[in-house]
Amino acid sequence: MRPRLRTRLLVGVTLGLTLGALVTLGALGGCSETRAEDSVDVATADLSAFVTIVDEGAGTTLRVELVGPGAHVHLAPGERFVVHVGASSMTLTPSSAAGEEDVYLATLPDFSGDLRLDFERVNDHGVLGLAMPVPPPFTLALPTTPISRAAPLPLAWSGAGSGYDLALAVDGPCAHLPTRALSRDDGGYVVQAGELVELPDAGAPSCTATVTVTRSLSTSASFGGPGRFDVDARRTRKGTVESTP
């Protein structure tokens, strides 16, 4: 009887080790699903927030993603993000887009100046008054008559300033200028004659070209502890010009 018992024990141990190895390999190989964490289960010190602010001339969208140790975090009942726009405040709501269940959004009214964000918590300390710097709004003014590519193209916009990045681009089949970073904001720029290039498949010698001017600002701070609070804010204005040979 002893040899049979020993055999059974060896088989049991071997089978147990094999199953344990398979479970481990499955987890390492990505067979297990990574689920979003519930915010009440994560300490504030273990959280980071990533913010995107986009203004393209028809309202501003604020987007916040909350991230914990290795996973996105969704807000539990009683916890929320609140954005302060001047003297007004708004509570962010979950995105309804597929795959963005852990993204929180707000559509903001027209504003100038910086924003502030509160993260209100239930079982841990909240993070209040987080500064979100935003470049100033502006309007774009372009020529209303056709402009020859053999002549300078004057571009102008309001509210010249500093403290942010500035870039412009011209995109059209017969008049193209790749995105160009400008070292300062003087309230305008002149694209010199001959700078606009014609794409190989341009077709007609004249076309409508889209001018895009973007002010952007990226900042990074602490999210109430070791975690990061990264903000990417941009304001973009677009207009069209008629380009001729």
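Caption draft 1: Spotlight on the packing of aromatic side chains. Across all of its chains, the model carries four aromatic pairs by this definition. Aromatic side chains Phe-119 and Phe-223 sit 5.8 Å apart centroid to centroid with 25° between the ring planes, which places their arrangement in the stacked category. Here Phe-223 lies in the loop between β17 (207-222) and β18 (228-244) and Phe-119 lies in strand β9 (residues 115-120), a separation of 104 residues in the sequence. For Phe-223, a relative accessible area of 0% gives the class buried. Here Phe-223 and Phe-229 contribute two aromatic rings whose centre-to-centre distance is 6.0 Å and whose plane-to-plane angle is 20°, an arrangement assigned as stacked. In this pair, the class of Phe-223 matches that of Phe-229, namely buried. Aromatic ring contacts, followed pair by pair, group Phe-81, Tyr-104, Phe-119, Phe-223 and Phe-229 into a single cluster. Directly above the aromatic system of Phe-111 lies the positively charged group of Arg-235, at a separation of 4.6 Å from the ring centroid. Against the face of Phe-138 rests Arg-237, its NZ or CZ located 5.2 Å from the ring centre.

Caption draft 2: How the structure looks around the confidence of the model for the chain. Put simply, the chain has an average pLDDT of 87, and 85% of its residues get 70 or more. Low confidence marks residues 1-34, where pLDDT is under 50. Its contacts with residues over four positions away, or in another chain, come to five contacts.

Rules behind the numbers
- Residues numbered from 1 in each chain as written.
- Predicted model: local features only at pLDDT ≥ 70, side-chain atom pairs only at ≥ 80, totals over all residues.
- Heavy atoms only, no water.
- Phe/Tyr/Trp six-rings, centres within 6.5 Å; stacked < 30°, edge-to-face > 60°.
- Helix = DSSP H or I, 4+ residues; strand = E, 2+ residues; numbered from the N terminus.
- Buried < 20%, exposed > 50% of the residue type's maximum accessible area, 1.4 Å probe, protein only.
- Lys NZ or Arg CZ within 6 Å of the ring centre and 35° of its normal.
- pLDDT = per-residue confidence, 0-100.
- Contact = heavy atoms within 4.5 Å.

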